[in-house]
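As a plain string of letters, each chain reads:
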Amino acid sequence: MNLITISGPPSSGKTSVILKTAESLMQKGLKVGAVKFDCLHTDDDIAYEKAGIPVKKGLSGQLCPDHYFVSNIEAVVEWGLAGGFDLLISESAGLCNRCSPYIKEVKAVCVIDNLSGINTPKKIGPMLRMADIVVITKGDIVSQAEREVFSARVHAVNPTAIVMHINGLTGQGAFELGTLWYDENQKLDSLKGKKLRFSMPSALCSYCLGETRIGESYQMGNVRKINLEEKSNEA
Amino acid sequence: MKRKEQLLLASPARLLKEYPFLKSFFMQVPEGILYDHQQPLQHLLMEVGEEKSENQGFDTGHFLDQLDEFIHQMEVFSGMAEKTVRSLTILPGNDKSGQPENFESLQFEASTITSIVGPTGSGKSRLLADIEWVAQADTPTKRSVLINNEKPNPDWRFASGKKLVAQLSQNMNFVMDLSVSEFLELHAGSRMIANADIVIQRIIEAANELAGEKFSAQTPITSLSGGQSRALMIADTAMLSSSPVVLIDEIENAGIDRKKALALLTGEEKIVLMATHDPILALMADQRIIIKNGGIFKVVKTSDEERELLAELEKGDKKLQELRTKLRAGEQLGDSI
């Protein structure tokens, strides 16, 4: 089985890109399965089912979605192997723009859209910086110049990635993307021993544990203060 | 010594001197990492430390790989840029039912216009995707694409700085909050071209030639009218886009001089493809292809007779434009007919 992890900011077009690309792979006779990780709610599983793709969904609820992802991906892979898939697609939204639930030696795709603004590539951390393939969507509604500037910025943030422009509505480019997603020589039988490409945010403070009251005396654990003293760009 | 080691010993300031294009790369590095451009990179990266690395989502080893790759690609890219695309050739494949396409080879030359006719869903997107991907009988249509009559360099597929096809469609809008000149400076900056000021001025002049109403370099792009926006997009694509092929999805018949717009693109040696159902636009092309059931059904050269018809159609069109102008001015239309 091949495993591919796909992430990107909410509403960037991940599901549309996946559905169009999966369609082209299924036409070649490949068996495709999917898992959708989200935070509070998703209806995308219905869209997958409609497209004839077996799907599982996982909602992280009050947990950090990326921590939830990494604690569940191994079991999901087992589900995929049992289902006899040729390709298992894991889709998750990058909710805090910091994380990349990307795994070393597992193909990683980041989906971002032209409407998100040209400063966005810099704001997205490892999710964009460490992807193998960057898919840029919604190119049909912005000017050619904006598209070129946006993709130049993406390239400067992640020069090693393959950048593809996909139209999630017409599917233009999806067939081509599919040729990069599936490699018949790749055989994954477990995630045991594999590592994340980048650490996830470490935070354990009183609010992680359910505190709701505001004020210095309720703040415990890993707490950081905003710098209001001097002009600074540092976080 | 390997380049990565050399890079580590150099300071960002020195690297910028040697590789000016690194400006855009350094701009995307998280704040505070390259805080002093005079220090050697090795020193700056050593100072990052684990905490800062985790905070900023920044990996120093990965950074060095990316820097090395960026320089490599920009060098390849500048080599590619010298080779202009003079022609594209499409070798036939098959339509959706697997029937072979009925042409020997289809040539698109620089400075010529080909119109593409066919209803939505007939396979225009697929044709375009074949061109963008420089298909080598490895897409559903089994078409192949040649560049300058040769099997193309596979870099065309993946080099993010150089895409074969630029697109202009009626659905496109400017979404940035910038003035016309700021916007063009940004675009020129991403292309890293020399004499940007002159090019920008030429673009604004050309766009004003195309649009009925004039705009200035200070006008915010989001407040341009439909015709002005389209004019600016066309002039910008003609003069500043790196793509040798331009696909236009119809050009509306109001607020822009369509003939001049096409002349501008062909004058800049673009290969122009134009999806249209408007007879005037279709006949302005040197040839047209008719798409049916996912395949190229027919290739028709524009005949002399058709060119005569075009002249007539243009007269009628001009008349219509005049009436439109009068309508706007609040005049009676009856006495002009």
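Once a new chain begins, its residue numbering starts again from 1 and follows that chain's sequence as written. Naming scheme: in the order in which they are written, chains are lettered from A and ligands are numbered from 1. Local features in this predicted model are restricted to residues of pLDDT 70 or higher, and side-chain atom pairs are both shown and tallied only at a pLDDT of 80 or more, whereas totals for entire chains, interfaces and linings draw on every residue. Hydrogen atoms and water are omitted, and side-chain values are computed over all heavy atoms in the structure.

**Concerning the overall build of chain A**
Scanning chain A from terminus to terminus reveals seven helices and seven strands. Strands here mean DSSP runs of E at least two residues long; helices mean DSSP runs of H or I at least four residues long; both are numbered from the N terminus. Each helix (α) and strand (β) of chain A, taken in turn from the N terminus, gives the series β-α-β-α-β-α-β-β-α-α-β-α-β-α. Our radius of gyration looks at C-alpha atoms and nothing else; its globule reference is 2.2 Å times the residue count to the power 0.38. What you see for chain A is a C-alpha radius of gyration of 19 Å, in line with the 18 Å of a compact globule of 235 residues. Projected onto the principal axes, the alpha-carbon positions of chain A cover approximately 60 × 45 × 30 Å. Each residue's exposure class comes from its accessible area (1.4 Å probe, protein chains only) as a fraction of the maximum for that residue type: buried when under 20%, exposed when over 50%, partly exposed otherwise. A total of 235 residues make up chain A; the buried ones form 53% of that total. In these tables, accessible area is a Shrake-Rupley quantity obtained with a 1.4 Å probe, and a residue counts as shielded only by the protein chains included in the view. Accessible surface for chain A amounts to roughly 10800 Å². Of this, 53% is attributable to carbon and sulfur atoms.

**A look at the nonpolar core**
The definition of a nonpolar core used throughout is a set of buried Ala, Val, Leu, Ile, Met, Phe, Trp, Tyr and Cys residues joined through side-chain atoms within 4.5 Å. Among the nonpolar cores identified, the biggest contains 65 residues, and Val134 of chain A together with Leu232, Ile248 and Leu262 of chain B are the most heavily contacted of them. Looking at this core, the element that brings in the most residues is helix α10 (residues 226–240) of chain B, giving eight residues. Any two residues whose heavy atoms approach within 4.5 Å at even a single point are treated as in contact. The contact partners of leucine 232 of chain B, leaving out residues within four places of it in the chain, are Phe174, Val180, Leu184, Ile203, Ala207, Phe215, Ile221 and Leu224 of chain B.

**Some remarks on the sheet that holds strand β1 (residues 87–91) of chain B**
All names here are of chain B. Strand order in the open sheet formed by three strands is β2-β1-β4, and the pairing between neighbours is antiparallel. Across the chains shown, the open sheet's two edge strands, defined by having one partner strand only, are β2 (106–109) and β4 (144–147). Pairwise comparison of adjacent strand axes, ignoring direction, gives a mean angle of 20 degrees for this sheet. As paired strands, β1 and β2 are joined by four bridges and run antiparallel to one another. Bridging across to β2, isoleucine 90 finds its partner in leucine 106. Strands β1, β2 and β4 of the sheet are contacted by helix α6 (residues 124–132), whose axis makes an angle of about 120 degrees with β1. Following DSSP output, two strands are said to pair if at least two bridges run between them. Every axis corresponds to a line fitted to the C-alpha atoms, with the helix fit spanning only the stretch in contact, and the corresponding angles, defined between N-to-C directions, vary from 0 to 180 degrees.

**With respect to the sheet that holds strand β5 (residues 165–169) of chain B**
Residues and elements named next belong to chain B. One open sheet accounts for six strands, arranged β5-β6-β7-β3-β8-β9; its pairing is mixed. At either margin of the open sheet sits one strand with a lone partner, and together these are β5 and β9 (295–301). Going from strand to strand, the sheet's axes swing by 20 degrees on average, the running direction of each strand aside. Sheet topology note: the strand β6 (residues 245–249)/strand β7 (residues 271–275) ladder contains five bridges and is parallel. Note on β7: the bridge partner recorded for valine 246 is valine 272. The strands touched by α6 are β3 (113–117), β5, β6, β7, β8 (287–292) and β9; relative to β5, the strand with the most contacts, the crossing angle is about 150 degrees.

**Let's talk about the side chain of glutamine 66 of chain B**
Relative to the elements of secondary structure, glutamine 66 of chain B occurs in helix α5 (residues 60–82). Judged by relative accessible area, which is 3%, glutamine 66 of chain B ranks as buried. We call two N or O atoms a polar contact when they sit within 3.5 Å, provided that within protein one can donate a hydrogen and the other can accept it, with sequence-adjacent residues counted only if both atoms are side-chain atoms. A distance of 3.2 Å separates a polar atom in the side chain of glutamine 66 of chain B from a polar atom in the side chain of asparagine 158 of chain A. Beyond its immediate sequence surroundings of up to four residues, glutamine 66 of chain B is in contact with Arg129, Val157, Asn158, Pro159 and Thr160 of chain A together with Phe25 of chain B.

**Focus: the interface of chain B and chain A**
Think of interface size as the accessible area that goes away when the parts come together; that is how it is often given. With 57 residues of chain B in contact, the opposing surface of chain A contributes 45 residues. Accessible area, probed at 1.4 Å, shrinks when two parts are joined; the buried area is that loss added up over both. Together chain B and chain A conceal approximately 4100 Å² of surface at their shared face, both sides included; 55% is due to carbon and sulfur atoms. Salt bridges are defined by distance alone: a side-chain nitrogen of Lys or Arg within 4 Å of a carboxyl oxygen of Asp or Glu. Remark: the boundary between chain B and chain A carries two salt bridges. Here glutamate 176 of chain A and arginine 126 of chain B are joined by a salt bridge, their closest N and O atoms 2.5 Å apart. Counting the contacts that link chain B with chain A gives 20 residue pairs in polar contact (both at pLDDT 80 or more). Among the elements of the structure, α3 (22–27), α4 (41–56), α5, α6, β5, α8 (180–191) and α10 of chain B are those that each provide at least two residues to the side of chain B that touches chain A.

**Side note on the packing of helix α6 (residues 144–157) of chain A against α8 of chain B**
With their axes 9 Å apart at the nearest point, α6 of chain A and α8 of chain B run at an angle of 45 degrees to one another. Considering the angle they form, α6 of chain A stands oblique to α8 of chain B. When you trace α6 of chain A past α8 of chain B, the crossing you get is left-handed. Two secondary-structure elements touch here, α6 of chain A through Ala145, Glu146, Glu148, Val149, Ala152 and Arg153 of chain A and α8 of chain B through Phe183, Leu186, His187, Ser190 and Arg191 of chain B. Think of it as three bins: nonpolar holds Ala, Val, Leu, Ile, Met, Phe, Trp, Tyr, Cys and Pro, charged holds Asp, Glu, Lys and Arg, and polar takes everything else, Gly as well. Its residues assigned to classes, the contact of α6 of chain A with α8 of chain B shows five nonpolar, two polar and four charged. Here the angle decides the label: under 35 degrees means roughly parallel, over 145 means roughly antiparallel, 65 to 115 means roughly perpendicular, and every other value means oblique. Crossing handedness follows the turn of the near helix against the far one: under a right angle anticlockwise gives a left-handed crossing, and clockwise gives a right-handed one.

**A short note on helix α11 (residues 258–267) of chain B**
Along α11 of chain B, the residues classified as buried are Arg258, Ala261, Leu262, Leu264, Leu265 and Thr266 of chain B. You can read the cap of α11 of chain B off the contacts: a side-chain oxygen lies 3.2 Å from the backbone nitrogen of lysine 259 of chain B, and it is on aspartate 257 of chain B.

**Notes on the domain arrangement of chain B**
The domain boundaries assigned to chain B delineate domain 1 (3–82), domain 2 (87–302) and domain 3 (306–337). What counts as a domain boundary in this text is fixed by an automatic or database domain assignment. Computed from C-alpha atoms alone, the centre-to-centre distance between domain 1 of chain B and domain 2 of chain B is 35 Å.

**Remarks on the pairing of strand β4 (residues 87–93) of chain A**
Residue and element names in this part refer to chain A. Among the seven residues of β4, seven are classified as buried, and the element is accordingly described as predominantly covered. Side chains Leu87, Ile89, Glu91 and Ala93 project from β4 onto one buried face, and the interleaved Leu88, Ser90 and Ser92 project onto a second face that is buried too. Where strand β1 (residues 2–8) meets β4, seven bridges bridge the pair, whose relative direction is parallel. Its bridge partner being in β4, threonine 5 is matched across the sheet by serine 90. As paired elements, strand β2 (residues 32–38) and β4 share six bridges and run parallel to each other. Residue pairing across strands places glycine 33 opposite leucine 88, the latter belonging to β4.

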